Amino acid sequence: MAGRWLDTKTKMVFSSLFTFLLALAAVPMASAHDHSSTHIEEGQAISVEPIDTTLWVHIFIQMFAWGVIFPLGMVLGIVKSRWHVPVQVAGTGLAILGYALGHMHGGREFRHNNVHSKFASPISILLFAQILMGIYLKLHLEKGINGKIRRFVKMGHGFVGKALPVLSWTQMLFGGITALGFCQGDHIGQCLAHFIMGSAFIAYGALLTILLLVGQLWLKRTGRSQEFFDSAVIAAWGMVNTFTEHRWGTAWVKNDWQHTTMGIIWWCAGLAGVWLSRDRDGRPQRNFIPGFVILITGWAMSAHPQDLMISAETHKMFGYTLMAAGATRIIEISFVLRDRPGISEEGRETSSFQYVPVFLLYASGFLFMGATEEQMSLVASSGMDHVAYILILYSLAFLVFLFVNVLVNVYDRNSTPALPNKDAANGRLGPRINGNVPVRDAQEFELEGLMSDDEDDGARRPREDDSDLNSPSTVGKNSDGVAH
């Protein structure tokens, strides 16, 4: 047994060292590479050449490594799975391969100072530091000074590991912006608004997914309702928007009025939501405020004036989707849950309707991120209509929604002790109404009980008649009678 444990530990250490050497080999590329920009026209961010095959392979490998493998490895690390190290080693190997391909491509050229290239160095250094901390923790050095610094290394390893998916998302957005030459000059402000707000809606959807599936007991321990946290964030965000959406001291132009007043209603409603998050006895209480803020924000965004028809339709669909998210959130709290924290006390039951507002937040985020001026001009010039474009964005939302649910499921299955199967009421699985079997099921249960009693009585009579013929004692008596 001890030998097997040593073999396992040795394999983990060697795999970690192998990852470290791979990362070390990539460091010279980060400092030595320089993109050619001789074919870029004056005032442009990219050349007119198409993206070549090498760069496409770089894009897909990096998306898979940073967007799929590393988040999965992070979850496996949180639950202390034995697959954590192998998955992260595979992800690191792919990331280094993709990094190398990104420095070997031909075709389209980019400016030296593009945001994707600048952000690559710090995120690579963080990955390098994460590998070092992981190797240190795997060595289990706990004596002397190691005993004092180990807990700080553990905290740093956990923090960087959880931050990497967010940084990876940011770098992938930077990659898309750089590849298309978008968000330059006067477009920077508009790009920031769309990508930050769109990512925020997706992040909100991801957090609601986590809270819905595995966070209900944590909310109960905090002594706060979910609307307290939602409203506090809404109020803070509204404060920021109130003073940043307009350049104070200059003329009010375009959508400044709408953006600024939207910030005002956010912090006003957020403060009201914080106040309503407790009842008169100080207990946590659900309320409609966050859902209403989402709804009215969607209405306001759907009415934004746009220059292109496809832009107007995309913004309109974004507004309708956001309105639907807010409305279904209010319905969920007020009518599905009836102001309760969840369907069940143990926090493991969910209603299918609860997924509706969550998914619509993902979709809202993708719709808003895909509605920048430059993207709308590109789609309009491609011949694609707004219906096809919106369906593509919804498809991306479904993929991310699926992936987040998979990650939460991996966490839940590996961190929660095995529970008995859910009870079935007449073959039906699912939540009960106020903890009771639905009325229809109860009536069917009673009818089945009556029918089973009648059947048992009918079945019992022939058994009693047959017992005289089939029991061993009867056979003995009959044979005795015949003998006499």
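What follows concerns unusual backbone geometry. Its identity as a non-glycine residue notwithstanding, Cys-183 has a phi of 60°, on the positive side. Even without being a glycine, Arg-338 presents a positive backbone phi close to 55°. Position of Arg-338 relative to the elements: it lies in the loop between helix 11 (309-336) and helix 12 (355-369).

Here the focus is the packing of helix 3 (residues 84-102) against helix 4 (residues 115-138). The interhelical angle for the contact between helix 3 and helix 4, taken along N-to-C directions, is 150°, at an axis separation of 12 Å. Relative to helix 4, helix 3 is oriented roughly antiparallel. Both helix 3 and helix 4 take part in a crossing whose hand is left-handed. Of helix 4, the residues touching helix 3 (which contributes Val-85, Thr-92 and Tyr-99) are Ala-120, Ser-124, Leu-127, Ile-131 and Lys-138.

Moving on to the nonpolar core. Counting residues in each nonpolar core, the largest one holds 45 residues, and the members touching the most others are Phe-195, Phe-318, Phe-359, Leu-361, Tyr-362 and Tyr-394. When residues of this core are traced back to their parent elements, those giving at least two are helix 5 (145-180), helix 6 (188-214), helix 9 (256-276), helix 10 (289-302), helix 11, helix 12, helix 13 (373-382) and helix 14 (386-415). Looking at which element gives the most residues to this core, the answer is helix 12, with 10 residues. In this structure, Tyr-362 is in contact with Ile-202, Gly-205, Ala-206, Thr-209, Ala-397, Val-400, Phe-401 and Val-404, ignoring residues within four places of it in sequence. If you look at the next biggest cluster of nonpolar residues, it comprises 14 residues, including Leu-127, Ile-131, Ile-135 and Leu-137.

The grouping of Met-384, Ile-392, Leu-396, Leu-399, Leu-402 and Val-406 at the surface amounts to a nonpolar patch, some 510 Å² of accessible area in total. Mapped onto the fold, Val-406 is located in helix 14.

Turning next to empty space enclosed by the protein. Inspection of the entire model under this criterion finds 1 cavity of 30 Å³ or more. There is about 40 Å³ of room inside the largest cavity. Within the residue set of the lining of the largest cavity, elements represented by two or more residues are helix 2 (53-78) and helix 5. Among the elements that line the lining of the largest cavity, the one with the most residues is helix 5, at 3 residues.

Our focus in this paragraph is the pattern of salt bridges. Counted by the stated rule, this structure contains 9 salt bridges. Its salt-bridge partner being Glu-227, residue Arg-329 comes within 3.7 Å of it at the nearest N-O pair. Of the two residues, Arg-329 is situated in helix 11 and Glu-227 in helix 8 (residues 226-244); the sequence distance between them amounts to 102 residues. Residue Arg-329 is joined to Glu-332 by a salt bridge in which the shortest nitrogen-to-oxygen separation is 2.9 Å. Within this pair, Arg-329 and its partner Glu-332 are both found in helix 11, separated by 3 residues, close to a single helical turn. Given the relative accessible area of 3%, Glu-332 is considered buried. Taken together, the salt bridges that share partners define one network made up of Glu-227, Arg-286, Arg-329 and Glu-332.

What the second largest pocket holds in volume is close to 1300 Å³. Forming the walls of the second largest pocket are 38 residues, and the residues nearest its centre are Gly-189, Gln-190, Ala-193, Glu-245 and His-259. Broken down by secondary-structure element, the contributors of at least two residues to the lining of the second largest pocket are helix 6, helix 8, helix 9, helix 10, helix 11 and helix 13. If one sorts the elements of the lining of the second largest pocket by residue count, helix 6 sits on top with 8 residues. Tallied by class, residues from the lining of the second largest pocket come to 15 nonpolar, 16 polar and 7 charged.

About the cut-offs
- Residues numbered from 1 in each chain as written.
- Predicted model: local features only at pLDDT ≥ 70, side-chain atom pairs only at ≥ 80, totals over all residues.
- Heavy atoms only, no water.
- Helix = DSSP H or I, 4+ residues; strand = E, 2+ residues; numbered from the N terminus.
- Axes fitted to C-alpha atoms, helices over the stretch in contact; angles between N-to-C directions.
- Parallel < 35°, antiparallel > 145°, perpendicular 65-115°, else oblique.
- Left-handed = near helix turned anticlockwise from the far one by under 90°.
- Contact = heavy atoms within 4.5 Å.
- Core = buried A, V, L, I, M, F, W, Y, C linked by side-chain atoms within 4.5 Å.
- Buried < 20%, exposed > 50% of the residue type's maximum accessible area, 1.4 Å probe, protein only.
- Patch = residues over 30% accessible without salt bridge, like charges linked within 9 Å, V, L, I, M, F, W, Y side chains within 5 Å.
- Areas by Shrake-Rupley, 256 points an atom, 1.4 Å probe, with all protein chains shown as cover.
- Salt bridge = Lys/Arg side-chain N within 4 Å of Asp/Glu carboxyl O.
- 1 Å grid on protein atoms, 1.4 Å probe; cavity = no way out; pocket = protein on both sides within 12 Å on 5 of 7 lines; lining within 4 Å.
- Points joined across faces, edges and corners; volume = space filled by probe spheres on them.
- Nonpolar A, V, L, I, M, F, W, Y, C, P; charged D, E, K, R; others polar.

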